[in-house]
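Residue-level listing of the chains:
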There are 2 protein chains.
Amino acid sequence: MSDIEQLKQQVEEQGVVVRDLKAAKAEKAQLDEQVALLLALKKKLQIASGNGDEGTKDYTPKEMAVRTEIFRTITSVFEKHGAVTIDTPVFELKEILVGKYGEDSKLIYDLKDQGGEECSLRYDLTVPFARYVAQNGISNIKRYHLAKVYRRDQPAITKGRMREFYQCDYDIAGVYDAMIPDAECVRVAVNVLSELDVGKFVVKLNHRKILDAIFEVSGVPADKIRAISSAVDKLDKAPWAEVRREMTQEKGLDAAVADRIGEYVQISGSGEEVLARLQALPELMASAKAQEGVKDMSLFFRYAKIYGILDYISFDMSLARGLDYYTGIIYEAVLVEENVRSPTTEAQPPALVAKKSDKKGKKDEEDESQVRVGSIAAGGRYDELVGMFSSAMHTKGKKTDVPCVGISFGVERIFSIVKARKSEAEIKANRTQVYVISLGDTVEDSLLEDRMRIAAELWDAGIAAEFAYKIKPRKQAQFDTCDSAIIPWAIIIGKDELSQGMVKIKNMAQKVEEEKGGVTVSRSDMIAELKQRLQIN
Amino acid sequence: MSDIEQLKQQVEEQGVVVRDLKAAKAEKAQLDEQVALLLALKKKLQIASGNGDEGTKDYTPKEMAVRTEIFRTITSVFEKHGAVTIDTPVFELKEILVGKYGEDSKLIYDLKDQGGEECSLRYDLTVPFARYVAQNGISNIKRYHLAKVYRRDQPAITKGRMREFYQCDYDIAGVYDAMIPDAECVRVAVNVLSELDVGKFVVKLNHRKILDAIFEVSGVPADKIRAISSAVDKLDKAPWAEVRREMTQEKGLDAAVADRIGEYVQISGSGEEVLARLQALPELMASAKAQEGVKDMSLFFRYAKIYGILDYISFDMSLARGLDYYTGIIYEAVLVEENVRSPTTEAQPPALVAKKSDKKGKKDEEDESQVRVGSIAAGGRYDELVGMFSSAMHTKGKKTDVPCVGISFGVERIFSIVKARKSEAEIKANRTQVYVISLGDTVEDSLLEDRMRIAAELWDAGIAAEFAYKIKPRKQAQFDTCDSAIIPWAIIIGKDELSQGMVKIKNMAQKVEEEKGGVTVSRSDMIAELKQRLQIN
């Protein structure tokens with residue numbers, strides 16, 4: 001019977017329990033309990049079926065081991081670039097969030113009004129960051145933040161789309177010279193994704209000012225620019241024909257205008273190629289906005305070359321990004337589908353060179369191949385968000401616009417990829433180094449208190465140790481624990497050896513020939529002998 | 001002007017801005033923005049005044065450095081004892097939480113009903129853990145969990161009582177022999193608090209069965225036991241006279257019964273002393289419950305001696321613990337007030353010996369001295385909580401009662417103590433090792449691209465590095481950054497040196513005599529020279 005079938009049966013049976021209790025007019029407390037359990041079972045079934053209503057999940061110890069390792073990698077890159085971390089509350093005043101996310105505001109989770117001010121769960125880490133910078137009058141900060149965010153979206157757990165999920169953000173705030181922090185953010189993205197070894201990826205880049213110029217030059221009326229930009233943003237999920245239909249039929253854009261946009265958004269390639277193509281378009285370059293954007297991007301590619309990341313980048317006019325608050329460069333890292341590994345594929349060296357040369361003219365197929373994996377990191381420059389908060393916070397003429405640029409990693413997708421690389425059995429969820437074992441058959445020979453004493457000595461020496469919480473544990477059960485918990489060393493004690501002041505050290509991981517039955521050492525040398533084997537001081 | 005006065009003025013000024021906008025019938029978006037800012041300022045004022053309505057706070061980078069270090073210490077002790085970690089969602093189905101916290105259920109935060117099932121923010125980590133164990137049919141697990149919990153309590157930020165706060169929990173679930181995991185939990189508590197160096201503390205212990213026997217033997221009616229237990233629980237905050245008044249006047253207990261309880265709850269001292277006193281009370285020892293509790297506690301003290309923690313423990317009949325779900329041993333670690341250090345006090349070696357000998361007969365004064373600091377860790381045995389969930393989850397005759405024992409650390413108070421030990425200026429919030437500096441006065445001599453190139457080389461070598469994001473940074477500003485960010489090393493470049501293939505390495509932390517102006521090394525040896533100084537391979 002599959003898990004899902006078993007769950008279905010449990011839901012059914014629990015339904016009977018609840019009905020019986022109701023029929024028997026059972027106590028309220030007891031009935032409530034059983035109803036709660038029925039709901040919990042239903043939830044579990046929904047999650048197992050991939051359509052959990054809440055879209056939340058528990059992380060098991062082995063999953064946590066994977067997640068912790070991912071966070072460690074991400075944090076180490078962020079810290080290598082000098083970032084500090086902050087923490088903000090999981091809920092903010094509702095007023096702080098409204099009006100920041102455009103259409104997506106409907107996905108904000110509100111807390112129930114139980115008295116006090118109205119609050120909502122944070123939707124991302126960017127708006128709380130901007131609020132923090134403004135509220136504390138900070139003029140520059142490079143901060144990272146790994147935390148959960150909340151969206152009342154339709155969950156799709158198989159695709160890694162959850163209602164509660166982690167974001168890992170790195171942002172640079174401050175008045176700096178053009179494109180220096182921007183180039184560093186993209187380098188951080190490339191560095192993180194390479195170190196996580198997620199497979200082949202490409203970072204698509206664009207610039208809001210160039211995009212706006214394209215819309216203006218194509219003839220999009222000013223009041224339709226954001227709506228048309230939203231339509232273009234769908235090009236990574238839908239073919240041009242469909243996006244064109246949305247522009248013309250749903251959003252009432254003139255067909256000729258849409259076609260002109262269609263020409264522009266097909267432009268993509270290396271920085272050199274795309275800059276050359278854009279600069280060869282006099283009608284576009286007549287726009288001051290386009291000039292500013294092109295100037296920024298020229299500088300960006302100059303810095304990107306120094307940073308050694310040109311091979312990972314595609315300058316792509318079809319990238320639009322949904323959020324309203326971007327004002328300059330925007331980017332999105334996407335996995336290139338064919339390289340995503342199945343759990344059974346052997347580990348391969350990282351494939352770092354992004355495929356982007358044969359891209360032009362086959363956008364639809366190209367996008368199609370990426371649909372199921374999609375974006376794993378995204379960000380851009382947002383120079384006015386802090387100012388939205390700070391303009392009122394410092395009223396004494398102090399100018400507190402703080403330009404920002406950042407990158408946000410969507411960890412759930414990365415988690416799925418990294419997790420698929422190892423089998424469950426290979427993942428060590430604990431950090432236990434030593435298991436203290438007795439082989440006796442009687443209570444007296446099982447030496448509980450000696451096992452406790454030795455464990456305490458190991459703990460005092462900073463060695464991670466465990467033993468069976470039984471007066472008389474079975475021999476095999478103790479060895480099985482070492483195997484299943486992947487504990488590399490054992491201290492084995494017996495009554496006779498102990499009375500002679502001796503214990504055995506046994507390597508449980510590698511079956512070292514000379515240590516097959518373990519090596520007998522003096523009780524007083526035990527810690528030193530172990531430390532030597534564990535390579536700790 | 002103090003921060004609070006300044007904030008008050010800002011609130012006032014912002015109030016004027018909002019009124020003016022309303023009077024001028026400003027655009028809704030603009031007005032909403034300014035109203036949000038007014039609310040944010042009010043919130044900031046409330047928090048600064050110690051009565052924030054939401055009772056949440058941001059953590060600054062320096063605070064995060066302190067918190068991260070505390071978490072690292074706690075995690076390392078938990079892992080030394082073999083624990084694995086899990087994560088559960090920040091909200092649970094409301095039904096999972098109701099009926100688990102007695103009177104305190106009114107403090108549960110609910111999410112707004114926006115369609116779907118009713119959810120609440122987690123109130124603690126214990127109930128979600130029990131739900132996890134039951135739902136996954138786990139028979140034994142030793143898990144830790146560091147995460148935020150939520151309570152709609154009256155915030156008192158000066159006392160470290162927040163509406164959003166971290167708990168760090170360590171729990172052992174499984175059918176094991178008596179008191180072995182219990183003793184380990186108390187050892188973990190002692191170990192964590194000693195390593196965090198929080199000052200002198202004492203772990204008070206009691207046993208629910210002994211307490212219940214005391215109430216029965218004193219003549220408390222069965223239906224009043226939990227209410228009277230709650231009254232006793234207040235003995236750490238209120239003198240006996242007040243607790244007695246609550247028992248007799250509010251809860252209608254006979255005065256003679258209250259006085260008998262009063263005799264019992266004054267019993268405290270070492271395990272040996274208290275066990276002897278209890279065993280000398282024939283009317284108490286006639287109770288089967290008291291016998292079971294005393295048997296457990298005798299075993300506990302035997303194990304506690306092996307674990308070397310007797311000096312930290314007080315067996316205290318006045319400890320009751322509020323939550324209903326405890327079924328065996330209960331404990332609470334409290335700081336002993338006189339030892340809490342002021343920020344100016346020099347660091348002292350940990351004072352590990354708990355003061356408890358001169359305790360009897362002066363409970364009121366003793367408790368008084370602890371009121372302002374209070375409990376920093378607490379827990380106990382709860383053998384029936386998992387069963388409340390699992391009884392319905394496995395309906396096919398599989399018995400899934402999973403007995404548990406655990407300890408929970410209240411990190412906000414620990415945080416305040418640890419933070420007070422260092423001045424803000426001493427805390428390094430970043431991990432940057434090297435700052436790349438140019439001393440030139442012109443754009444050309446400021447060598448931006450060389451600084452970028454060197455930073456990239458350092459990053460590639462795994463060295464945390466930064467540089468000024470300016471084309472022409474001021475010399476002094478760069479040195480100031482090294483000082484304020486506590487960056488220990490600098491690479492200093494100049495046009496002439498670079499053209500000769502040389503750079504300078506300078507120790508910015510210690511003013512090493514021979515390195516006063518920095519040591520000139522070959523550009524190609526730079527990484528190796530730095531690694532040697534940073535002691536990395």
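Residues numbered from 1 in each chain as written. Chains lettered and ligands numbered in written order. Predicted model: local features only at pLDDT ≥ 70, side-chain atom pairs only at ≥ 80, totals over all residues. Heavy atoms only, no water.

Concerning the overall build of chain A
No. 1: Across its full length, chain A carries 21 helices and 16 strands.
No. 2: In chain A, which comprises 537 residues, the proportion classed as buried is 56%.
No. 3: Counted over contacts in chain A with a minimum sequence separation of 6, partners at least 24 positions apart contribute 72%.
No. 4: Total accessible area on chain A stands at roughly 22,400 Å², and carbon and sulfur atoms take up 50% of it. (Helix = DSSP H or I, 4+ residues; strand = E, 2+ residues; numbered from the N terminus. Buried < 20%, exposed > 50% of the residue type's maximum accessible area, 1.4 Å probe, protein only. Contact = heavy atoms within 4.5 Å. Areas by Shrake-Rupley, 256 points an atom, 1.4 Å probe, with all protein chains shown as cover.)

A short note on the packing of aromatic side chains
Residue and element names in this part refer to chain B.
No. 1: Under the criterion given, the structure shown has 32 aromatic pairs over all chains.
No. 2: With a centroid separation of 4.2 Å and 40° between ring planes, the pair formed by Y101 and Y123 is classed as tilted. In this pair, Y101 is assigned in the loop between α4 (94–97) and β3 (119–121) and Y123 in the loop between β3 and α5 (126–135), connecting sequence segments 22 residues apart. For the pair Y101 and Y123, one class covers both residues: buried.
No. 3: The aromatic ring of F129 is capped on one face by R143, whose charged end is 4.1 Å from the ring centroid.
No. 4: Here the guanidinium or amino end of R151 rests over the ring plane of Y123, the centre of that ring lying 4.0 Å away. (Phe/Tyr/Trp six-rings, centres within 6.5 Å; stacked < 30°, edge-to-face > 60°. Lys NZ or Arg CZ within 6 Å of the ring centre and 35° of its normal.)

Some details on the environment of G252(A)
Residues and elements named next belong to chain A.
No. 1: For G252, the position within the fold is in the loop between α9 (240–250) and α10 (255–265).
No. 2: In sequence terms G252 and I228 are 24 residues apart; their C-alpha atoms lie 10.0 Å from each other.
No. 3: G252 has contacts with K224 and M247, leaving out every residue within four places of it along the chain.

With respect to the side chain of D212(A)
Residues and elements named next belong to chain A.
No. 1: Its location among the elements puts D212 in helix α7 (residues 208–218).
No. 2: The class for D212 is buried, based on a relative accessible area of 15%.
No. 3: Contact partners of D212, with chain neighbours within four places excluded, come to I225, R226 and K289.

Some remarks on the sheet that holds strand β8 (residues 313–316) of chain B
Residues and elements named next belong to chain B.
No. 1: Strand order in the open sheet formed by nine strands is β1-β4-β5-β11-β10-β9-β6-β8-β7, with mixed pairing between adjacent strands. Because the sheet does not close on itself, it has two edges, and the strands there are β1 (84–85) and β7 (268–269).
No. 2: In this sheet, strand β5 (residues 164–173) lies alongside strand β4 (residues 141–150) in antiparallel orientation, the contact comprising ten bridges. Bridge pairing links R143 to D171 in β5.
No. 3: Lying on the sheet, helix α7 (residues 208–218) is in contact with β6 (201–207), β8 and β9 (329–335); it crosses β6 at an angle near 60°. (Pairing = 2+ DSSP bridges. Axes fitted to C-alpha atoms, helices over the stretch in contact; angles between N-to-C directions.)

Some remarks on the interface of chain A and chain B
No. 1: Listed by partner, the interface residues are 107 residues for chain A and 106 residues for chain B.
No. 2: For the pair chain A and chain B, the summed buried area comes to about 9,700 Å², and 55% of that belongs to carbon and sulfur atoms.
No. 3: Joining chain A to chain B, the criterion identifies 18 salt bridges.
No. 4: Between D58(A) and R131(B) there is a salt bridge, with its nearest N and O atoms 2.6 Å apart.
No. 5: Take the side of chain A that touches chain B: its biggest share by element is ten residues, from helix α2 (residues 28–48) of chain A.
No. 6: When its residues are assigned to classes, the side of chain A that touches chain B shows 50 nonpolar, 23 polar and 34 charged. (Buried area = accessible area lost by both parts, 1.4 Å probe. Salt bridge = Lys/Arg side-chain N within 4 Å of Asp/Glu carboxyl O. Nonpolar A, V, L, I, M, F, W, Y, C, P; charged D, E, K, R; others polar.)

Let's talk about the relation of the copies chain A and chain B
No. 1: Note on the identical chains: chain A maps onto chain B by a rotation of 180° and an axial translation of 0.0 Å, with an RMSD of 0.1 Å. In symmetry terms, the pair is related by a two-fold rotation axis.
No. 2: Both copies present the same face, since 99% of the interface residues in chain A are matched by interface residues at the equivalent positions in chain B. (Least-squares fit on C-alpha atoms with pLDDT ≥ 70 in both.)

Looking at the packing of helix α9 (residues 240–250) of chain B against helix α10 (residues 255–264) of chain B
Residue and element names in this part refer to chain B.
No. 1: Two elements in contact, α9 and α10, have axes separated by 10 Å at closest approach and are oriented at 145°. For the pair α9 and α10, the sense of crossing is right-handed. Each of W240, R244, M247 and T248 in α9 lies in contact with α10, whose residues at this interface are A255, A258, D259, I261 and G262. (Left-handed = near helix turned anticlockwise from the far one by under 90°.)

Quick notes on helix α11 (residues 271–279) of chain A
Residue and element names in this part refer to chain A.
No. 1: Within α11, the full set of buried residues consists of G271, V274, L275 and L278. Within α11, the buried residues cover an arc of 100° as seen down the axis, which keeps them to one side.
No. 2: Those residues of α11 hidden inside the fold are in contact with α7, β7 (268–269), α12 (282–285), α13 (288–306) and β8 (313–316). (Arc of directions from axis to C-beta.)

A closer look at the environment of R131(B)
No. 1: Along the chain, R131(B) falls in helix α5.
No. 2: Sequence spacing of R131(B) and I96(B) is 35 residues, and the spatial spacing of their C-alpha atoms is 7.6 Å.
No. 3: In contact with R131(B), other than residues within four places in its own chain, are D58(A), T88(B), P89(B), E92(B), I96(B) and F389(B).
No. 4: Polar contacts involving the side chain of R131(B) include one to the side chain of E92(B), which spans 2.8 Å. (Polar contact = N/O pair within 3.5 Å; in protein donor to acceptor, adjacent residues only side chain to side chain.)

A few points about the nonpolar core
No. 1: Among the nonpolar cores identified, the biggest contains 94 residues, and F78(A), L205(A), F300(A), F315(A), F409(A), L458(B) and F467(B) are the most heavily contacted of them.
No. 2: A per-element tally of this core places helix α6 (residues 180–196) of chain A first, with ten residues.
No. 3: The next biggest cluster of nonpolar side chains, apart from the first, holds 93 residues, and it includes A455(A), L534(A), L196(B) and F409(B). (Core = buried A, V, L, I, M, F, W, Y, C linked by side-chain atoms within 4.5 Å.)

As for the pairing of strand β5 (residues 164–173) of chain A
No. 1: The element β5(A) is extensively covered by neighbouring structure, given that ten of its ten residues are classed as buried.
No. 2: Residues of β5(A) alternate between two faces, with E164(A), Y166(A), C168(A), Y170(A) and I172(A) on one and F165(A), Q167(A), D169(A), D171(A) and A173(A) on the opposite face, all of them buried.

Observations regarding the environment of V186(A)
Residue and element names in this part refer to chain A.
No. 1: Of note, V186 is situated in helix α6.
No. 2: For V186, a relative accessible area of 0% translates into the label buried.
No. 3: Along the sequence, V186 and A378 sit 192 residues apart, while their C-alpha atoms lie 9.4 Å from each other.
No. 4: The contacts of V186, once residues within four sequence positions are left out, are V203, L205, F300, I309, I313 and Y331.

Some thoughts on the pattern of salt bridges
No. 1: The final tally for this structure, using the stated rule, is 67 salt bridges over all chains.
No. 2: Ionic pairing is found between D87(A) and R67(B), a salt bridge with its closest N-O pair at 3.1 Å. Placement of D87(A) in the loop between β1 (84–85) and β2 (91–93) and of R67(B) in helix α3 (residues 61–80) is noted, with the two residues assigned to different chains. In this structure, D87(A) and R67(B) share a single accessibility class: buried.
No. 3: Through salt bridges with shared partners, a single ionic network connects R67(A), K148(A), E164(A) and D87(B).

Looking at the sheet that holds strand β14 (residues 489–493) of chain A
Residues and elements named next belong to chain A.
No. 1: Reading across from one edge, β13-β12-β14-β15-β16 is the order of the five strands in this open sheet, with mixed pairing throughout. Since the sheet does not close on itself, it has two edges, and those belong to β13 (465–467) and β16 (519–522), each with one partner. Recorded for the sheet is a direction-independent mean angle of 30° between the axes of neighbouring strands.
No. 2: Bridge count for strand β12 (residues 434–438) against β14 is five bridges, and the pairing is parallel. Within the sheet, the bridge partner assigned to I437 lies in β14 and is I492.

A look at helix α21 (residues 526–534) of chain B
Residues and elements named next belong to chain B.
No. 1: Where α21 is concerned, the buried positions are M526, I527, L530 and L534. Buried residues along α21 cover an arc of 90° about the axis, so they all sit on one side. The outward face of α21, more than 90 degrees from its buried face, is lined by the exposed residues A528 and Q532.
No. 2: Buried residues in α21 make contact with β12 (434–438), α18 (448–460), β14 (489–493), β15 (502–507) and β16 (519–522).
No. 3: Note on α21: the residue one or two positions beyond its end, Q535, has a positive phi of about 55°.

A short note on the packing of α7(B) against helix α13 (residues 288–306) of chain B
Residues and elements named next belong to chain B.
No. 1: Contact geometry of α7 with α13 gives a least axis separation of 7 Å together with a crossing angle of 150°. If you check the angle between α7 and α13, you find them roughly antiparallel. Classified by chirality, the crossing of α13 by α7 is left-handed. Across the interface between the two elements, K209, I210, D212, A213 and E216 from α7 touch K289, A290, E292, G293, V294 and M297 from α13.
No. 2: Along the lines of polarity and charge, the residues of the contact of α7 with α13 split into five nonpolar, one polar and five charged. (Parallel < 35°, antiparallel > 145°, perpendicular 65-115°, else oblique.)

Remarks on the pairing of strand β15 (residues 502–507) of chain A
Residues and elements named next belong to chain A.
No. 1: Here four bridges tie β14 to β15, and the two strands are oriented antiparallel to one another. Bridge pairing in β15 links I491 to I505.
No. 2: Relative to β16, β15 runs antiparallel, the two being bridged by four bridges. Residue pairing across strands places M502 opposite S522, the latter belonging to β16.

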